[in-house]
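Structural characterization, general
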Amino acid sequence: MELERANLLQIYRFMRLTRAMEDRIRTLFLQGRIVGGVYTAQGHEATTVGAAMTLHDGDCIVPQHRDLGMHIVRRVSPRSIMCQWLARGNSPTLGRDGQMHIGDMHQGIVPMISMLGESLPVACGVALTMKMRKRSTIVLASCGDGATNTGSFHEALNFAAVQKLPLVFVIENNGYAYSTPTSKQFAIQNLSDRALAYGMPGRSVDGNDIFAVMEAVEQAVDHARSGQGPALVECKTFRVRGHSEADKADYVPEDVRAEWLKKDPIQRFENYLFQEDILTEAARGEIDAQIKATVDDAVHFAEQSPAPDETTVAQYVFAPDGPIAIVGEPGAENAQHINAYDSRTGQPFHIVYKAEEAAGRR
Ligand SMILES: Cc1ncc(C[n+]2csc(CCOP(=O)(O)OP(=O)(O)O)c2C)c(N)n1
């Protein structure tokens with residue numbers, strides 16, 4: 001993949017912003033300003049940002065709980081993300097959730113399902129829709145190594161392969177599912193072997209190397225977009241912090257941690273940019289300042305935003321009666337999800353079917 005200097009710097013900014021947002025989220029948690037759990041992905045930035053960078057506008061992502069980097073690449077605003085973590089009334093979930101369980105069909109982001117693996121059959125459904133509508137768009141769905149041991153993961157891979165869906169699976173193998181190491185989860189070396197078993201190409205790459213991730217995911221995306229069906233990429237990475245901020249991760253042997261810390265994805269990419277004279281000390285200083293200003297603004301905006309209105313607590317909890325369907329193309333300007341609410345107005349979408357369309361859909 002040939003990348004312009006400007007693109008490389010943009011990728012660097014996305015990775016840095018992802019980490020800076022998470023650092024601030026942790027601080028807010030320690031200050032008691034964020035309630036609930038905080039799940040971060042320090043160390044995953046090459047995987048999350050690199051994978052999302054390979055997509056086109058109109059493609060769809062189905063991210064998981066550690067994929068803040070994918071949301072950043074898809075231009076979800078830091079203000080909106082901070083409102084979500086601080087559970088403000090104008091957050092994407094209108095204050096009903098305080099983690100990365102967010103999505104926006106206008107931006108082609110399907111909100112994750114908290115139960116591990118369950119988002120993957122949904123990703124199949126979105127990809128099947130694209131295929132049936134003869135679109136050139138694809139879906140990229142991610143999950144952790146732990147999620148690959150659920151039945152839904154295997155059903156999704158099988159279904160996607162049989163149906164030749166335009167779907168790319170990205171596994172973020174960070175060595176642990178909570179405290180369970182991969183050696184206690186499965187008896188194979190590479191999770192990409194599972195792809196081969198279902199009849200789709202699979203590759204395993206260094207998930208801390210942005211170039212390796214982008215090259216492999218781009219190949220998988222090209223495969224899916226060209227109508228040849230799904231593909232899988234396993235990105236081997238490391239979660240530097242605990243499963244959540246409540247977890248000290250003392251089950252990770254010190255030598256394992258030390259080895260991975262030497263391979264920090266942002267530091268590696270930054271070294272490359274300096275070596276190639278793409279980044280200078282002055283430019284890095286400017287980027288530092290821009291990122292700090294963006295994060296400060298997001299926190300300020302969220303803190304000024306209203307708390308959720310308690311009189312609406314029972315609203316938006318249950319699906320409205322009627323058919324559940326995506327109207328329009330996922331990721332397209334006109335995409336609407338009948339079970340979703342517009343985060344800007346807090347109003348449910350009003351879906352009006354034309355009679356003949358409704359007949360065709362049911
Ligand atoms: C079916 C199911 N079991 C358990 C959980 C609780 N849980 C949430 S994240 C997690 C660890 C997931 O590990 P992995 O899939 O490797 O992703 P990682 O958190 O390491 O990125 C667990 C056990 C859950 N959400 N769903």
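Quick caveat, the model's predicted, so the values are computed rather than measured.

With that settled, the discussion passes to the sheet that holds strand 7 (residues 231-236). Within the open sheet, the five strands sit side by side as 1-2-3-7-6. Their pairing is parallel. At either end of the open sheet lies a strand with only one pairing partner, and these are strand 1 (60-62) and strand 6 (202-206). The mean angle between the axes of side-by-side strands here comes to 20°, regardless of whether they run parallel or antiparallel. Of the strand pairs in this sheet, strand 6 and strand 7 are connected by five bridges, and their pairing is parallel. Looking across to strand 7, one finds that Asp-206 is bridged to Lys-236. Contacts from helix 8 (residues 210-225) reach strand 2 (139-144), strand 3 (167-173), strand 6 and strand 7, with the element oriented near 160° to strand 6.

Its 14 residues place the ends of helix 5 (residues 119-132) 20 Å apart at the C-alpha level, agreeing with the 20 Å of an ideal helix rising 1.5 Å per residue. What helix 5 keeps buried is the set Ser-119, Leu-120, Ala-123, Cys-124, Val-126, Ala-127 and Met-130. With its buried residues spanning 165° around the axis, helix 5 presents them on a single face. Backbone geometry just downstream of helix 5 places Lys-134 in the positive-phi region, at approximately 55°.

Around the ligand sit 14 residues in total, of which His-65, Arg-66, Gly-146, Ala-147 and Asn-174 are the nearest. One of the side-chain N or O atoms of Arg-66 is found 2.9 Å from an oxygen atom in the ligand. Asp-145 has a polar side-chain atom sitting 3.2 Å from an oxygen atom of the ligand. Out of a free accessible area of 580 Å², the ligand has 73% covered by protein chains. Cavity membership is defined here by more than half of the atoms lying within 2 Å of grid points; on that basis the ligand lies in the second largest pocket. For the shell around the ligand, the residue count by class is six nonpolar, six polar and two charged.

Calculation rules
Residues numbered from 1 in each chain as written. Predicted model: local features only at pLDDT ≥ 70, side-chain atom pairs only at ≥ 80, totals over all residues. Heavy atoms only, no water. Pairing = 2+ DSSP bridges. Helix = DSSP H or I, 4+ residues; strand = E, 2+ residues; numbered from the N terminus. Axes fitted to C-alpha atoms, helices over the stretch in contact; angles between N-to-C directions. Contact = heavy atoms within 4.5 Å. Expected span 1.5 Å × (residues − 1). Buried < 20%, exposed > 50% of the residue type's maximum accessible area, 1.4 Å probe, protein only. Arc of directions from axis to C-beta. Near = heavy atom within 4 Å. Polar contact = N/O pair within 3.5 Å; in protein donor to acceptor, adjacent residues only side chain to side chain. Areas by Shrake-Rupley, 256 points an atom, 1.4 Å probe, with all protein chains shown as cover. 1 Å grid on protein atoms, 1.4 Å probe; cavity = no way out; pocket = protein on both sides within 12 Å on 5 of 7 lines; lining within 4 Å. Sits in = over half its atoms within 2 Å of the grid points. Nonpolar A, V, L, I, M, F, W, Y, C, P; charged D, E, K, R; others polar.

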